[in-house]
Each structure stands twice: as C-alpha cells, then as structure tokens.
Amino acid sequence: MESEAVFAALTRAWQALFEGLGLSGAISRWQRGTSNLVTTRSIPAMVSYSILYVGGCILLLHVLLRNPQRTRWVIQFYLVLLVLYALLVLGGRLGGNIAWAFKLSRRIIDFLVSPLPVMLLLPLLWPGTRGIARR
C-alpha cells in the first residue's frame, strides 16, 4: 500500500474521531498554527503514520537481529531522533516559528520514516560484523 493511501485513510479516521468527540474545531486550529515547514498533512495522521512506520522498523530489526541488547540500541536510536525532532518543533514554535528548526525537524522525520535507518542499523548491528554489535 502506498503512503498516500495510508495518509488518506488515517486522515479520514482521525477527522471522524475528532468530529465524533466534538473536537474538530480544536484540531483545525492546531493544524493552522503549524508551519508548513513541519508538515502539510494532518498532524494526527502524520504522528500515527510515524509511530506505525517506526514501530514496524523496530520490529523488523528485532526479528532480524534476534538480540535484546541490539533491539534496545535500535529503540534508543529512534527515541533520540524522535526527541530531537520534538525539541526542534517545540523550540521552533516557542521561538516564533524559527524556519531552520522546522526545516531540520522535517529532515529528521523524513529520515525516520524511510528505509534508511534500517539500511544503516542492520549492517552495523548484524552479528559477526565489525560494527558496535561485537562489543
């Protein structure tokens, strides 16, 4: 399934949920207050897509690496980047819509929801390689 179809489905689901709860006005105000440099998509859809994608990547790496310690390293890697992303968005927002913070945060989230982290972490942590897994 392509990401556009997933985003469309998640957007419809979140809109229906917020409308059912009577919060559609609040979510649209929140969306309008978010810079286009951060996202042009629905924020709840973007967050849920990111969580699902990152969760799938962590699960894939866990299955392939078969080692709890390596799985913890993978989770820490993703968490550090997600926290950095959140801090940049929050700092950019509190600093009066700082464009460079939003642009950098966008690069981080685009990296996280791509196959690149898996492509980097798998050989680095694969048993028998000279990466950090040998320690």
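Residues numbered from 1 in each chain as written. Predicted model: local features only at pLDDT ≥ 70, side-chain atom pairs only at ≥ 80, totals over all residues. Heavy atoms only, no water.

Q: Would you mind going over helix H6 (residues 116-125) with me for this structure?
A: Side chains of residues three or four places apart in an α-helix project in the same direction, reflecting 3.6 residues per turn. Among all positions in H6, only Pro-117, Val-118, Leu-121 and Leu-125 are buried. Buried residues in H6, looked at end-on, bunch into an arc of 90°, giving them a common side. Exposed residues lying more than 90 degrees from the buried face of H6 are Met-119 and Leu-120. Of the surrounding secondary structure, the elements contacted by the buried residues of H6 are helix H3 (43-65), helix H4 (68-94) and helix H5 (99-112). (Buried < 20%, exposed > 50% of the residue type's maximum accessible area, 1.4 Å probe, protein only. Helix = DSSP H or I, 4+ residues; strand = E, 2+ residues; numbered from the N terminus. Arc of directions from axis to C-beta. Contact = heavy atoms within 4.5 Å.)

Q: Would you mind going over helix H1 (residues 3-20) with me for this structure?
A: The terminal C-alpha atoms of H1, which comprises 18 residues, lie 25 Å apart, in line with the 26 Å expected from a rise of 1.5 Å per residue. Within H1, burial applies to Phe-7, Leu-10 and Phe-18. Down the axis of H1, the smallest arc covering the buried residues is 70°, so these residues share one side. Turned more than 90 degrees from where H1 packs its buried face, Arg-12, Glu-19 and Gly-20 sit exposed. Immediately beyond the C-terminal end of H1, within one or two residues, lies Gly-22, with a positive phi of roughly 75°. (Expected span 1.5 Å × (residues − 1).)

Q: What exactly am I supposed to notice about the side chain of Ser-50 here?
A: Within the fold, Ser-50 resides in helix H3. Once residues lying within four places of it in the same chain are set aside, the contact partners of Ser-50 are Ile-109 and Val-113.

Q: So what exactly am I meant to see when it comes to unusual backbone geometry here?
A: Phi is mostly negative for residues that are not glycine, and the peptide bonds are mostly trans. In this structure, Arg-66 takes a positive phi of about 50° despite not being glycine. Within the fold, Arg-66 resides in the loop between H3 and H4. Despite not being glycine, Asn-97 has its phi angle at roughly 60°, a positive value. Here Asn-97 is to be found in the loop between H4 and H5.

Q: Any chance you could explain the packing of H1 against H3 here in plain terms?
A: The angle between the axes and the distance between the axes are what describe a pair of packed helices. Two elements in contact, H1 and H3, have axes whose closest approach is 8 Å; the angle formed by their N-to-C orientations is 125°. The angle between the axes of H1 and H3 places the two elements in the oblique class. Handedness of the crossing formed by H1 with H3: right-handed. Each of Ser-3, Val-6, Phe-7, Leu-10, Thr-11, Trp-14 and Phe-18 in H1 lies in contact with H3, whose residues at this interface are Pro-44, Ala-45, Met-46, Ser-48 and Tyr-49. Residues belonging to the contact of H1 with H3 are distributed by class as follows: nine nonpolar, three polar and no charged. (Axes fitted to C-alpha atoms, helices over the stretch in contact; angles between N-to-C directions. Parallel < 35°, antiparallel > 145°, perpendicular 65-115°, else oblique. Left-handed = near helix turned anticlockwise from the far one by under 90°. Nonpolar A, V, L, I, M, F, W, Y, C, P; charged D, E, K, R; others polar.)

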